[in-house]
Amino acid sequence: MKWKALLFLFAVALLVTSCQSTYIANQTVVPLMSEGDEFHVSMSVGTNGYGAQLAYSPYYHWVIAASGNMFSNLGDSISAYNVGYRHIFGEALTGYYTRLDKLWRFEFLGGLGTGYSGHPDFLRRGYNRFVLQPSIGISAPNVDIGFTPKFSFVQRSFDRSLTQKSEVDESVAFLEPTLTVRAGFQELKFQLQGGLSFAMGDTPIAFKTGFLSFGFHINLTKDFDKYTK
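Remember, predicted model here, so these are calculated numbers, not experimental data.

With that settled, consider the side chain of Asp159. Here Asp159 lies in strand S7 (residues 143-161). Within the structure, Asp159 has its side chain in polar contact with the side chain of Arg156 (distance 2.9 Å).

See below:
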């Protein structure tokens, strides 16, 4: 019953806070890796929709990652024309990470993403994003804590309606500090993540000012014994 109530509150938050913004910050990839051949999976739901993240380290110091985020505000009918608002975004990232000591981790990821927001048929507003995201945090057997002062450059690329597509050239930079907290077991932790979006200057792009999400994080391959003894 508690889980149903929590999911209901998140669903209400989605409807109330969407405000049909064009740009919505997605959940941030913060694996806090320790060694090569690690594979991380995260899934969450929050005020910015449903999110999923993957991260893999082919060898120590190098990580590749991907992230996806989406949600829809539905009308009263199953007809597609009653979908009032839909948001879809995906990105690919790569970068560097290192162990500072047994617990502390540092990583620096960068990547490109693309997506759109709006009515899926009547008016879609597309945009691309370039992101740089350093993270510093603690990776322990039962707790992870990471802080990510993310920098995002968003460029509006098009508006598409039923009859035409028009090119758009609008851009803005965002500072998006994000806090990630995970707690649970060595391989499975519950994750709480929150972030804010601050436009660095005037912007014609409507955006959400923050998000809060809850989900889980799985680490499939880390040898925790190396860092706890």
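Across all of its chains, the model carries two cavities of 30 Å³ or more by this definition. In this structure, the largest cavity encloses a volume near 70 Å³. Lining the largest cavity are 13 residues, and of these Val29, Val30, Ser42, Gln53 and His217 sit closest to its centre. At the level of elements, strand S1 (39-46), strand S2 (49-59) and strand S9 (188-196) are the ones that each hand at least two residues to the lining of the largest cavity. Residue composition of the lining of the largest cavity, by class: five nonpolar, seven polar and one charged. Of the volumes computed, that of the second largest cavity is approximately 30 Å³. Broken down by class, the residue content of the lining of the second largest cavity amounts to three nonpolar, four polar and four charged.

Moving on, we come to the packing of aromatic side chains. Following the criterion strictly, the structure yields nine aromatic pairs and no others. Taken together, a centroid distance of 4.8 Å and an interplanar angle of 20° make the contact between Tyr23 and Phe174 stacked. Here Tyr23 is found in the loop between helix H1 (2-17) and S1, whereas its partner Phe174 is found in strand S8 (residues 165-184), with 151 residues between them in sequence. Given a relative accessible area of 0%, Tyr23 falls into the buried group. An aromatic cluster of at least three residues, connected via ring pairs, comprises Tyr23, Phe89, Tyr127, Phe174 and Phe207. Looking at Arg99, its charged tip hangs above the ring of Tyr60, at a distance of 4.4 Å from the centre. The cationic tip of Lys165 hangs over the ring face of Phe158; the distance from NZ or CZ to the ring centre is 4.7 Å.

Residue placement: Asp121 occurs in the loop between strand S5 (104-119) and strand S6 (123-139). Residue class for Asp121 comes out partly exposed when judged on its relative accessible area of 26%.

Turning to the pattern of salt bridges, a few remarks are in order. Opposite charge on two side chains makes pairing possible when the charged atoms of those side chains draw close. By the definition in use, this model includes five salt bridges. Taking the shortest distance from any N to any O, the salt bridge between Asp144 and Arg182 comes out at 3.1 Å. Of this pair, Asp144 sits in strand S7 while Arg182 sits in strand S8; the two residues are 38 residues apart in sequence, bridging distant segments of the chain. For Asp144, a relative accessible area of 5% puts it in the buried group. Take Arg182: its relative accessible area is 2%, and that puts it in the buried class. Between Glu170 and Arg156 there is a salt bridge, and its shortest N-O distance comes to 3.4 Å. Note that Glu170 is positioned in strand S8 and Arg156 in strand S7, a separation of 14 residues in sequence.

You can see Val172 is positioned in strand S8. In this structure Val172 comes out as buried when scored by relative accessible area, which is 4%. Once the C-alpha coordinates of Val172 and Pro204 are considered, the two residues, 32 residues apart in sequence, prove to be 8.3 Å apart. Ignoring any residue separated from it by four or fewer positions in sequence, one finds Val172 in contact with Ser152, Phe153, Val154, Ala199, Thr203 and Ile205.

Parameters at a glance
Residues numbered from 1 in each chain as written. Predicted model: local features only at pLDDT ≥ 70, side-chain atom pairs only at ≥ 80, totals over all residues. Heavy atoms only, no water. Helix = DSSP H or I, 4+ residues; strand = E, 2+ residues; numbered from the N terminus. Polar contact = N/O pair within 3.5 Å; in protein donor to acceptor, adjacent residues only side chain to side chain. 1 Å grid on protein atoms, 1.4 Å probe; cavity = no way out; pocket = protein on both sides within 12 Å on 5 of 7 lines; lining within 4 Å. Points joined across faces, edges and corners; volume = space filled by probe spheres on them. Nonpolar A, V, L, I, M, F, W, Y, C, P; charged D, E, K, R; others polar. Phe/Tyr/Trp six-rings, centres within 6.5 Å; stacked < 30°, edge-to-face > 60°. Buried < 20%, exposed > 50% of the residue type's maximum accessible area, 1.4 Å probe, protein only. Lys NZ or Arg CZ within 6 Å of the ring centre and 35° of its normal. Salt bridge = Lys/Arg side-chain N within 4 Å of Asp/Glu carboxyl O. Contact = heavy atoms within 4.5 Å.

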